[in-house]
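Working through the structure, step by step
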Amino acid sequence: AQSVTQLDSHVSVSEGTPVLLRCNYSSSYSPSLFWYVQHPNKGLQLLLKYTSAATLVKGINGFEAEFKKSETSFHLTKPSAHMSDAAEYFCVVSDPGGYNKLIFGAGTRLAVHP
Amino acid sequence: SQTIHQWPATLVQPVGSPLSLECTVEGTSNPNLYWYRQAAGRGLQLLFYSVGIGQISSEVPQNLSASRPQDRQFILSSKKLLLSDSGFYLCASDINYGYTFGSGTRLTVV
């Protein structure tokens, strides 16, 4: 069965410092993995996705994630945080054995301080 | 590209009242469709998914039901709302891993 674990429920960084949001997955298949961001009272926005191509995936707004099969990880990083990055971030795996339904992690709330 | 129309954006309903949330998809045909719910302070939970007209699978037992009367229409319903039904409901569609989400409905049951 597919599952996703986001290791931190809250992360707090200062503006201009690096961001690391951690995600581990469990999958019986070659997974498709995603990071989504949700700003307050807004819908979900896709940051990036991994679908078995390059292991280092670049997304929007300077975010990137690296797929590490040996560690079953898909951590999200950004070299320099901006105030507008404050939001909830979800690591997601799709379930190809279950009609591609998405399985969400519990989310990580990122706070960015001046 | 796919576009999802979801309405209403916000809804306040009394306990025991019925519910109908509608989702329509444009720009694709025969998508997989999904209803997700996000309770306060929690991640998204898959409620229902559909791979075709009239085909509904439920992920968790609950007070809600779903229907797909047309290829690009997905409806979430309840006969009698409970307080625990409050949350943020998202409709999503998928064609070959091209997921698209609606803008969501924030439901408050009072």
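In this text, all values refer to a predicted model and were calculated from it rather than measured experimentally.

In terms of regular secondary structure, chain A is built from zero helices and twelve strands. Mapped in sequence order, the helices and strands of chain A form the string β-β-β-β-β-β-β-β-β-β-β-β. Taking 114 residues into account, the globule formula puts the C-alpha radius of gyration at 13 Å, and chain A, at 14 Å, falls close to it. Dimensions of chain A, computed from C-alpha atoms along their principal axes, come out at roughly 45 × 30 × 20 Å. Classification of the 114 residues of chain A by burial places 45% in the buried group. Contacts spanning at least 24 positions in sequence make up 56% of the contacts within chain A whose residues lie at least 6 apart.

Paired through their backbone hydrogen bonds, the strands of a sheet run either parallel or antiparallel. All names here are of chain B. The strand order across the open sheet formed by four strands is β1-β3-β8-β7, and the pairing between neighbours is antiparallel. The outermost strands of the open sheet, each flanked by one partner alone, are β1 (3-7) and β7 (65-70). Here the strands of the sheet are splayed against their neighbours by 20° on average, with no regard to which way each runs. Taken together, the four bridges between β7 and strand β8 (residues 73-78) define a ladder with antiparallel strand orientation. Counterpart to serine 67 in the pairing with β8 is isoleucine 75.

The next thing to look at is the state of the cysteines. Residues and elements named next belong to chain A. Counted according to the given criterion, the structure contains two disulfides over all chains. Across the disulfide, cysteine 23 is cross-linked to cysteine 91 (sulfur-sulfur distance 1.9 Å). Taking the sign of the S-S torsion, about -65° here, the bridge from cysteine 23 to cysteine 91 comes out left-handed. Placement of cysteine 23 in strand β4 (residues 23-26) and of cysteine 91 in strand β10 (residues 87-95) is noted, with a sequence separation of 68 residues between them. We classify cysteine 91 as buried; its relative accessible area is 0%.

Glancing now at the side chain of B:Asp85. All names here are of chain B. With respect to the helices and strands, the residue aspartate 85 is situated in the loop between β8 and β9 (87-95). Looking at aspartate 85, its side chain comes within polar contact range of the main-chain nitrogen of leucine 82, at 2.8 Å. In this structure, aspartate 85 is in contact with Arg37, Asn63, Leu64, Lys80, Leu107 and Val109, ignoring residues within four places of it in sequence.

The interface of chain B with chain A comprises 19 residues on the first partner and 20 residues on the second. At the boundary of chain B with chain A, total buried surface from both sides reaches about 1,600 Å², with 58% on carbon and sulfur atoms. For the pair chain B and chain A, the interface holds zero salt bridges. At the surface where chain B touches chain A, the tally comes to two residue pairs in polar contact (both at pLDDT 80 or more). Mapped by element, the contributors of at least two residues to the side of chain B that touches chain A are β4 (32-38), β5 (44-52), β9 and β10 (98-101) of chain B. Counted by class, the side of chain B that touches chain A contains eleven nonpolar, four polar and four charged residues.

Turning our attention to the pattern of salt bridges. All names here are of chain A. Counting across every chain of the model gives six salt bridges over all chains. Between aspartate 8 and arginine 22 there is a salt bridge, with the nearest N and O atoms lying 3.0 Å from each other. Taken together, the positions of aspartate 8 in the loop between β1 (3-6) and β2 (10-14) and arginine 22 in the loop between β3 (19-21) and β4 put the pair 14 residues apart, joining distant regions of the chain.

When pLDDT is averaged across chain A, the result is 90; 97% of the residues are at 70 or more. Per-element confidence in chain A is highest for β3(A), whose mean pLDDT is 98, and lowest for strand β11 (residues 101-104) of chain A, whose mean pLDDT is 84.

Residue and element names in this part refer to chain A. Burial along β4 is one-sided: the face carrying Cys23 and Tyr25 is buried and the face carrying Asn24 and Ser26 is not. The pairing of β1 with β4 spans four bridges and is antiparallel. By the bridge assignment, serine 3 is partnered in β4 with serine 26.

At the junction of B:Trp7 and B:Pro8, the peptide bond is cis and its omega measures out at 0° in the coordinates. One non-glycine residue, A:Asn61, adopts positive backbone phi at about 60°. Residue placement: A:Asn61 occurs in the loop between β7 (56-58) and β8 (64-68). Not every positive phi belongs to a glycine, and B:Asn30 is a case in point at roughly 55°. Its location among the elements puts B:Asn30 in the loop between β3 (19-26) and β4. Among the residues examined, B:Asn30 registers a relative accessible area of 49% and is labelled partly exposed.

Criteria and thresholds
Residues numbered from 1 in each chain as written. Chains lettered and ligands numbered in written order. Predicted model: local features only at pLDDT ≥ 70, side-chain atom pairs only at ≥ 80, totals over all residues. Heavy atoms only, no water. Helix = DSSP H or I, 4+ residues; strand = E, 2+ residues; numbered from the N terminus. Rg over C-alpha atoms; globule rule 2.2 N^0.38 Å. Buried < 20%, exposed > 50% of the residue type's maximum accessible area, 1.4 Å probe, protein only. Contact = heavy atoms within 4.5 Å. Pairing = 2+ DSSP bridges. Axes fitted to C-alpha atoms, helices over the stretch in contact; angles between N-to-C directions. Disulfide = S-S within 2.5 Å. Polar contact = N/O pair within 3.5 Å; in protein donor to acceptor, adjacent residues only side chain to side chain. Buried area = accessible area lost by both parts, 1.4 Å probe. Salt bridge = Lys/Arg side-chain N within 4 Å of Asp/Glu carboxyl O. Nonpolar A, V, L, I, M, F, W, Y, C, P; charged D, E, K, R; others polar. pLDDT = per-residue confidence, 0-100.

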